[in-house]
Amino acid sequence: MGHAYTPGLTVTERTVIRKPRLLPIPGTVLAKAGDRVRAETVVARAELPGKVHVVNVANLLGVAPDEVRDYLVKKEGEAVSQDEVIAENRPFIKWFKTEVRSPIRGKVESVSTITGQMLLREPPRPLERLAYVDGAVVDLHPAHGVTVETSCSMVQGIFGIGGETWGELVMAVDSPEKTLSASQLLPTMKNKIVAGGAFLGIETMKRAREIGVAALVVGGIHDKDLRELLGYDLGVAITGTEQVGFTLVITEGFGTIPMAAKTFELLAGHAGQKASISGATQIRAGVIRPEILIPWTTGSPDAGSAGRAVPATERSGIRIDDHVRVIRDPLFGRIGRVTALPTELRQIETESVVRVLVVTFADGTSAVIPRANVELMEG
Amino acid sequence: MTGSAQPSRQMTAAQPLHVIIATDCGSTTTKAILIEKLGNEYRQTFRGEAPTTVEAPFEDVTRGVLNSLAELEELSGRKILDGERIITPNRAAQGEPRVGVDIYISTSSAGGGLQMMVAGAVQSMTGESAQRCALGAGAIVMDVLASNDGRLPHEKIERIRSLRPDMILLSGGTDGGTVTHVVEMAEYISAAEPRPRLGISYQLPLIYAGNKDARDRITEILGGKTSLVITDNIRPVLERENLGPARTKIHDLFLEHVMAQAPGYKKLLEWTGAPIMPTPAAVGLIMETIAKKENLNLIGVDIGGATTDVFSVFGGVFNRTVSANLGLSYSVSNVLAEAGLASILRWVPFTIEEQTLRNRIKNKMIRPTTIPQTLDELQIEQAIAREALRLALAHHASLATGLKGVQQERTISDIFEQKTSGESLIDMLQLDLIVGSGGILSHAPRRVQAMLMMVDAYEPLGVTRLSVDSIFMMPHLGVLSTVNEQAATDVFVRDCMIYLGTCVAPIGRGKDGERCADYTITFGEGRSPECGTLAFGDLRLFPLGRDDRAQIELRPAKQVDLGEGKGVSVTRDVRGGEVGLLLDGRGRPLQLPTDSQKRLAALIRWHRAVDLYPGKS
């Protein structure tokens, strides 16, 4: 794979992010182009069609499906309330009368003379799309939503669970190698985004839920703790809808892995600021990585110049001197600099013949590593 | 690259083909191969690959295609690209023999492949027929809805609403039969107002292939809410399936709607000289061709990063299933979830802590393009592969069945056998050939590793031949066969199919070291026969080259069966391959020792017996 490289995770002090904030179905856009919005601002709203309930009127009245219309009390499009009669027969003797009542409040959607069923639909439910991040509305998508742009610091994680939230960023440890223990989580961290170091375990997760921490950010966790937290074995990495009480983002991987110094320093540098965070991860068909966005506020240098910072440009491949993270055992999690990119294929321990590169680490040691097993430190 | 810069599909396909490039855009990597006509035959000459770029940050499948072609250029010395344009046709006539290609073709399973929901009236009849139809067309079936699937109407509607398939196949009823059930399903679909996975502004394609008497009603109910296509009933009568027309419609809609919505595919569709096929459909086409040509019963498997496809042809009946979440990169963690840790650990020839193994598997899931760098890591991946293969075959066997609900004429002996309709067609004793494909099998550092992975996972019975796709090019050859049959056949025979050898596995169990069978193997000229006793717990490998044949006579112990009955001797002609002739005395069903130390000792003994790994075990 001469031209191959694994796109890395972005960790950058300054970038411009554009977030499409779209409704899943058409609705009303509430924000206007140029509006300054906060994470909690509702930018669009839609009405999600209500649940459908099926009542087989023909069966309940004991009539043929093609006769069902003759027995309807309520017609298509009419509103119904719960327990209201929607169909009935008209026997000679009133005692034999059968009434069919609506199981819900809503309206009659359709009636079928083939199946004899009546479909009733509950009232629509409102669905709101929030801005998620402080910024400015730069684009309108009529009936669907807006694009919010923000000039921010950004950290992409490798994996996360839980949805979008926001809060003040707090550092719970003073070094990226340290473990974030349960006792380091304080009641004052309620509704905040708490960043740790190399690892946190199930006790810390439980404590976070107890306190009401908005989100946790850490280098690594154990899979067995994730399993205990979720209550099941996560099979496919499509996450973001979990309801575990907080959002969790891991920056390095599974195991005890010190958070990359650059990531840790960036987060520490913004402690006390408001950040938006999402645990949504999808490693398949349109990759989505979890993220922490720290918008530059009025107090920040170059504040208000959302349009001025330049979005990260696309890279074409790995080059000598690039900083890379090793992403497979035996050197998993180590960060170094590319010092050679031999073009010829090499045989590795498994006897596979692959493209490799040479990475030199901070302690001066070097290792030959398959190119597939490193990722670029982007940003 | 601009679409207008490319030659039209008709022009390209009509020209003589001397140089062909084909890509398979998989969920993880895009694999490109170069095929050239050398003398009178076509040969696969070079191969390049690059990560698939359907995902962010690129979100354009053509980036990965161009990267894989650039690698192909680098390795072959042929100039294929002019900037971002594929040079067609080849310029040999202009005195530039190393410039250009005659056609570019591709298959695709990137972006999640083709995802379908199917619906039928009765689950075990039209529901299953619809499922087989969609699977055979190369789709992943997200759900099968039926009138009697046990869900309440509102649950069905909620399910339809929450799924976002690429298309729906609705069937139900035999022609001239009742219309009620299929109309009921249509009403549910209509109430759910389903939306497609890709592209929010177009209507979801829906194929109706049910009772023809219900067509007007279906059009009335679904015509305005979906992009409705009507085709022949897939079950016109109870006794017969007619899957062809609906499969053709699925392929058409795959190209027109699904591919056109996926990132970069509009551009890719303009580049190709033949319609892009879903990868599994192309592999299925090749597997079916082999089975028919050689009159074989076969099982084929394509184990990928996200999914494992299983194909089978038994008695001329083709079936395909896909286990959507059994794969070795994106879905690796799901293999753990489905198989359980103990099932995976039983194949690992060293002790490893549960926590370490779990973390390693999750790390592979979140960084799916990494490769094993150490022997331990390779052994873990191959252990997981065994379980993925095993689970996928079990899934396949449950769907590859005869038609259910069909009245059968029975003789007295059938009644005593208590056979029912809809039995699995998979009969391991009648199996002639196993064909393995996919990175873990095709790229196993030693071919014997691929052979033992398949033997351990499938536990073939009696005498079975095994092969692998040399460098994973069956998808390419499947689509090529639609353009140039000769080129596909030439490359398939000469470059694609690698015969590994034959596995002989007696059925029965006994204590380790007890006699399982005596054997005499007679080779060709100049080689002395091999005689001996295969004991239970033994694994023996005899070299037997690709073009070599031998005759094996087996005299089993009285409780052991080789297909002709317990204790009955058999004599069979067997063929060789890159690995040879494997005598598997481990017993069937295969059971590993439950004691951890004994299990490790057994694994290490077997691995040494066939020289499975370098050095260590």
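Rules and cut-offs
Residues numbered from 1 in each chain as written. Chains lettered and ligands numbered in written order. Predicted model: local features only at pLDDT ≥ 70, side-chain atom pairs only at ≥ 80, totals over all residues. Helix = DSSP H or I, 4+ residues; strand = E, 2+ residues; numbered from the N terminus. Rg over C-alpha atoms; globule rule 2.2 N^0.38 Å. Buried ≥ 20, exposed ≤ 12 C-beta atoms within 10 Å, placed from the backbone. Contact = placed C-beta atoms within 7 Å. Pairing = 2+ DSSP bridges. Core = buried A, V, L, I, M, F, W, Y, C linked by C-beta atoms within 7 Å. Nonpolar A, V, L, I, M, F, W, Y, C, P; charged D, E, K, R; others polar. Domains from an automatic or database assignment. Axes fitted to C-alpha atoms, helices over the stretch in contact; angles between N-to-C directions. Parallel < 35°, antiparallel > 145°, perpendicular 65-115°, else oblique. pLDDT = per-residue confidence, 0-100.

Draft legend 1. Region of interest: the overall build of chain A. Across its full length, chain A holds four helices and 27 strands. At 28 Å, chain A has a C-alpha radius of gyration far larger than the 21 Å of a compact globule built from 379 residues. Structurally, chain A occupies a C-alpha span of about 100 × 55 × 45 Å along its principal axes. Out of the 379 residues in chain A, the part that is buried amounts to 45%. Long-range pairs, those at least 24 residues apart, make up 64% of the contacts in chain A between residues at least 6 apart in sequence.

Draft legend 2. Representation of the pairing of strand β21 (residues 323-326) of chain A in the model. All names here are of chain A. As judged from the three bridges shared by β21 and strand β22 (residues 335-340), these two strands associate in the antiparallel manner. Counterpart to Val 324 in the pairing with β22 is Gly 336. Pairing of β21 with strand β27 (residues 374-376), which is carried by three bridges, proceeds in the antiparallel orientation. Within β27, the residue paired with Val 326 across the bridge is Val 374.

Draft legend 3. Examining the nonpolar core more closely. With 269 residues, the main nonpolar core has B:Met116, B:Ala134, B:Leu169 and B:Leu389 as its most contacted residues. Tallying contributions element by element places helix α13 (residues 375-399) of chain B first for this core, with 12 residues. With 11 residues, the next largest nonpolar core counts A:Val326, A:Val356, A:Leu357 and A:Val359 among its residues.

Draft legend 4. Representation of the interface of chain B and chain A in the model. Listed by partner, the interface residues are 56 residues for chain B and 50 residues for chain A. Of all the secondary-structure elements, those providing two or more residues to the side of chain B that touches chain A are β3 (41-51), α2 (61-76), α4 (153-162), α5 (180-192), α10 (332-339), α12 (354-366) and α13 of chain B. The element best represented in the side of chain B that touches chain A is α12(B), accounting for eight residues. Residue composition of the side of chain B that touches chain A, grouped by class: 24 nonpolar, 17 polar and 15 charged.

Draft legend 5. Representation of the domain arrangement of chain B. All names here are of chain B. With domains assigned, chain B is organised as domain 1 (3-110), domain 2 (113-271), domain 3 (276-403 + 421-496) and domain 4 (506-610). Here the C-alpha centroids of domain 1 and domain 3 sit 26 Å apart. Between domain 1 and domain 3, the residue contacts involve 23 residues of the former and 29 residues of the latter. Those elements that place two or more of their residues in the side of domain 1 that touches domain 3 are β1 (19-25), β2 (29-38), β3 and β6 (103-108). The greatest single-element share of the side of domain 1 that touches domain 3, amounting to six residues, is contributed by β3. Broken down by class, the residue content of the side of domain 1 that touches domain 3 amounts to 10 nonpolar, eight polar and five charged.

Draft legend 6. Seen up close, the packing of helix α9 (residues 279-294) of chain B against helix α17 (residues 474-481) of chain B. Residue and element names in this part refer to chain B. Where α9 contacts α17, the two axes come as close as 7 Å, and the packing angle between them is 80°. Judged by the angle between their axes, α9 and α17 are roughly perpendicular. Contacts between α9 and α17 involve Thr 279, Ala 282, Val 283, Leu 285, Ile 286 and Thr 289 from the first element and Met 474, Pro 475, Leu 477, Gly 478, Val 479 and Ser 481 from the second. Looking at the contact of α9 with α17 residue by residue, the class counts come to eight nonpolar, four polar and no charged.

Draft legend 7. Highlighting the domain arrangement of chain A. All names here are of chain A. Domain assignment breaks chain A into domain 1 (52-121), domain 2 (158-289) and domain 3 (323-376). Between the C-alpha centres of domain 2 and domain 3 there is a distance of 28 Å. Opposite the four residues of domain 2 that make contact, domain 3 presents four residues. Looking at the side of domain 2 that touches domain 3, its residues break down into two nonpolar, one polar and one charged.

Draft legend 8. Fine view of the sheet that holds strand β20 (residues 530-535) of chain B. Residues and elements named next belong to chain B. Read across the open sheet, the four strands follow the order β20-β19-β22-β23; overall the sheet is antiparallel. Only two strands of the sheet have a single partner each, and these edge strands are β20 and β23 (570-575). Ignoring which end each strand starts from, the neighbouring axes of this sheet average 25° apart. Two strands pair when backbone bridges link them, and strand β19 (residues 515-522) and β20 are joined in this way by six bridges, in the antiparallel orientation. Its bridge partner lying in β20, Thr 520 is registered against Cys 531.

Draft legend 9. A look at the confidence of the model for chain A. Averaged over all residues, the pLDDT of chain A is 89; the fraction at 70 or higher stands at 92%. Every residue in residues 301-314 of chain A is under pLDDT 50, and counting partners more than four places away or in other chains gives 25 contacts.

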